[in-house]
Amino acid sequence: MAVGILLLTHTGLGSALLEAARGVIGALPLAVEAVEYRNGDSAEATQHRAARCMRALDSGAGVLVLTDLYGSTPSNIGAQIASQGTTVRRVSGLNLPMLLRVLNYSDQDLPELALTAAAGARNGVILDTA
């Protein structure tokens, strides 16, 4: 059993990051789906889509929900679906280094993978003088 990954983001971000990850890695080692909250959509409709995806991604090892902005509608939806019976960890601040790190450590269990995601996001931000 492997952890499923749900990208829960604003319009265009999740699908773009998923496409970029496939370009870097090729075939993804974990099941990953993106659900995007589009301006004008109801949060409830997005929540239903996200809950369906979460259930489909859960093979018994849980689901890592990666959101783009803590406190935003996608992040709040992630918090709401986390109480629906699936073991979930939610990490906000999604960026490409975070997603690539998660995919490169696909053998980790859910709690460890959540820590890896947060470290990947932090370590992927570099301040350069160039």
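Note: the structure precedes this text.
None of the values given here were measured: they were computed from a predicted structure.

A.B. asks: Break down the overall build of the protein chain for me, with residues and values.
C.D. replies: The secondary structure content of the protein chain amounts to five helices and four strands. When its helices and strands are written in sequence order, the protein chain yields β-α-β-α-β-α-β-α-α. In terms of C-alpha radius of gyration, the protein chain reaches 14 Å, essentially the compact-globule figure of 14 Å for 130 residues. Projected onto the principal axes, the alpha-carbon positions of the protein chain cover approximately 45 × 35 × 25 Å. For the protein chain, the residues scored as buried account for 42% of the 130 residues in total. Entry remark: accessible area of the protein chain is about 6,600 Å², with carbon and sulfur atoms responsible for 51%. On the protein chain, the mean spot of the 9 positive side-chain charges and the mean spot of the 11 negative ones are 4 Å from each other.

A.B. asks: Can you break down helix α4 (residues 96–104) residue by residue, with the values?
C.D. replies: Turning to α4, its buried residues number three or more, namely Met 98, Leu 99, Leu 100, Val 102 and Leu 103. Packing partners of the buried residues in α4 comprise β1 (4–10), α1 (13–25), β2 (32–37), β3 (63–67), β4 (88–92) and α5 (110–123). Where α4 begins, one side-chain oxygen reaches toward the backbone nitrogen of Met 98, 2.8 Å away; that side chain belongs to Asn 95.

A.B. asks: Kindly report on the packing of α1 against α4, identifying the contributing residues and their values.
C.D. replies: Orientation of α1 relative to α4, taken along the N-to-C sense of each, is 50°, at an axis distance of 10 Å. As summarised for this structure, α1 and α4 are arranged oblique, according to the angle between their axes. Note that α1 runs across α4; the crossing there is right-handed. Judged by residue contacts, Leu 17, Leu 18, Ala 20, Ala 21, Val 24 and Ile 25 of α1 engage Leu 96, Leu 99, Leu 100, Leu 103 and Asn 104 from α4. When the residues that make up the contact of α1 with α4 are grouped by side-chain class, the tally is ten nonpolar, one polar and no charged.

A.B. asks: Give a detailed account of the sheet that holds β2, specifying residues and quantitative values.
C.D. replies: In space, the four strands of this open sheet follow the order β2-β1-β3-β4, with parallel pairing throughout. Each edge of the open sheet is held by one strand with a lone partner, namely β2 and β4. Direction aside, neighbouring strands of the sheet carry axes that sit 20° apart on average. Two elements, β3 and β4, share five bridges in a ladder whose sense is parallel.

A.B. asks: So what about the pairing of β2? Which residues, and what values?
C.D. replies: Each regular strand displays side chains that alternate between the two surfaces of the sheet. Alignment of β1 against β2, held across six bridges, turns out to be parallel. Bridged to Ile 5 within β2 is Val 32. Handedness of the β-α-β unit built from β1, α1 and β2 comes out right-handed.

A.B. asks: Provide a residue-level description of the environment of Gly 93, including the pertinent values.
C.D. replies: Along the chain, Gly 93 falls in the loop between β4 and α4. The spatial distance from the C-alpha of Gly 93 to the C-alpha of Asn 76 is 13 Å, given a sequence separation of 17 residues.

A.B. asks: Give me the lowdown on α1, citing residues and values where you can.
C.D. replies: With 13 residues, α1 extends 18 Å between its outermost C-alpha atoms, agreeing within 8% with the 18 Å of an ideal straight helix rising 1.5 Å per residue. Among the residues making up α1, those that are buried are Gly 14, Leu 17, Leu 18 and Ala 21. Angularly, the buried residues of α1 cover 100° about the axis, an arc narrow enough to put them on a single face. Exposed residues lying more than 90 degrees from the buried face of α1 are Glu 19 and Gly 23. Those residues of α1 that are buried are in contact with β1, β2 and α4. The positive-phi residue at the C-terminal boundary of α1 is Gly 26, with phi of around 90°.

Reading guide: rules and limits
- All residue numbers refer to position in the chain's written sequence, counted from 1.
- Residues qualify for local features only when their pLDDT is at least 70, as the model is predicted, and side-chain atom pairs are given and counted only at 80 or more; totals for whole chains, interfaces and linings, by contrast, use all residues.
- The side-chain figures draw on all heavy atoms in the structure; neither hydrogens nor water molecules are used.
- Numbered from the N terminus, helices here are DSSP runs of H or I no shorter than four residues, and strands are runs of E no shorter than two.
- Radius of gyration here uses only the C-alpha atoms, and the compact-globule reference equals 2.2 Å multiplied by the residue count raised to the power 0.38.
- Note on classification: 1.4 Å probe, protein chains only; a residue is buried when its accessible area is under 20% of the maximum for its type, exposed when over 50%, partly exposed between these limits.
- Here, Shrake-Rupley sampling with a 1.4 Å probe gives the accessible areas, and only protein chains in the shown set may cover a residue.
- Counted as positive: Lys and Arg. Counted as negative: Asp and Glu, with His and the chain ends omitted from the count.
- For charged residues, the charge sits on one atom: NZ in Lys, CZ in Arg, CG in Asp, CD in Glu.
- Residue contacts are defined here by distance: any two heavy atoms, one from each residue, within 4.5 Å place the two residues in contact.
- Polar contacts, as counted here, are pairs of nitrogen or oxygen atoms within 3.5 Å of one another; within protein the pair requires one atom able to donate a hydrogen and one able to accept it, and residues that are adjacent in sequence qualify only if both atoms are side-chain atoms.
- Here, axes are lines fitted to C-alpha atoms. For helices the fit covers the stretch in contact, and angles between N-to-C directions go from 0 to 180 degrees.
- Roughly parallel refers to an angle under 35 degrees, roughly antiparallel to one over 145, roughly perpendicular to one between 65 and 115, and oblique to any angle outside these ranges.
- Take the far helix as your reference; a near helix turned counterclockwise from it by less than a right angle gives a left-handed crossing, and one turned clockwise gives a right-handed crossing.
- Residues are grouped as follows: Ala, Val, Leu, Ile, Met, Phe, Trp, Tyr, Cys and Pro are nonpolar; Asp, Glu, Lys and Arg are charged; all remaining types, including Gly, are polar.
- Two strands qualify as a pair provided that DSSP identifies no fewer than 2 bridges between them.
- Classification remark: right-handed applies to a crossover when, strands pointing away from the viewer, the course from the first strand over the helix to the second runs clockwise.
- Under the convention used throughout, the expected extent of a helix is 1.5 Å for every residue step, that is, one less than its residue count.
- It is the directions from the helix axis to the C-beta atoms that the arc portrays.

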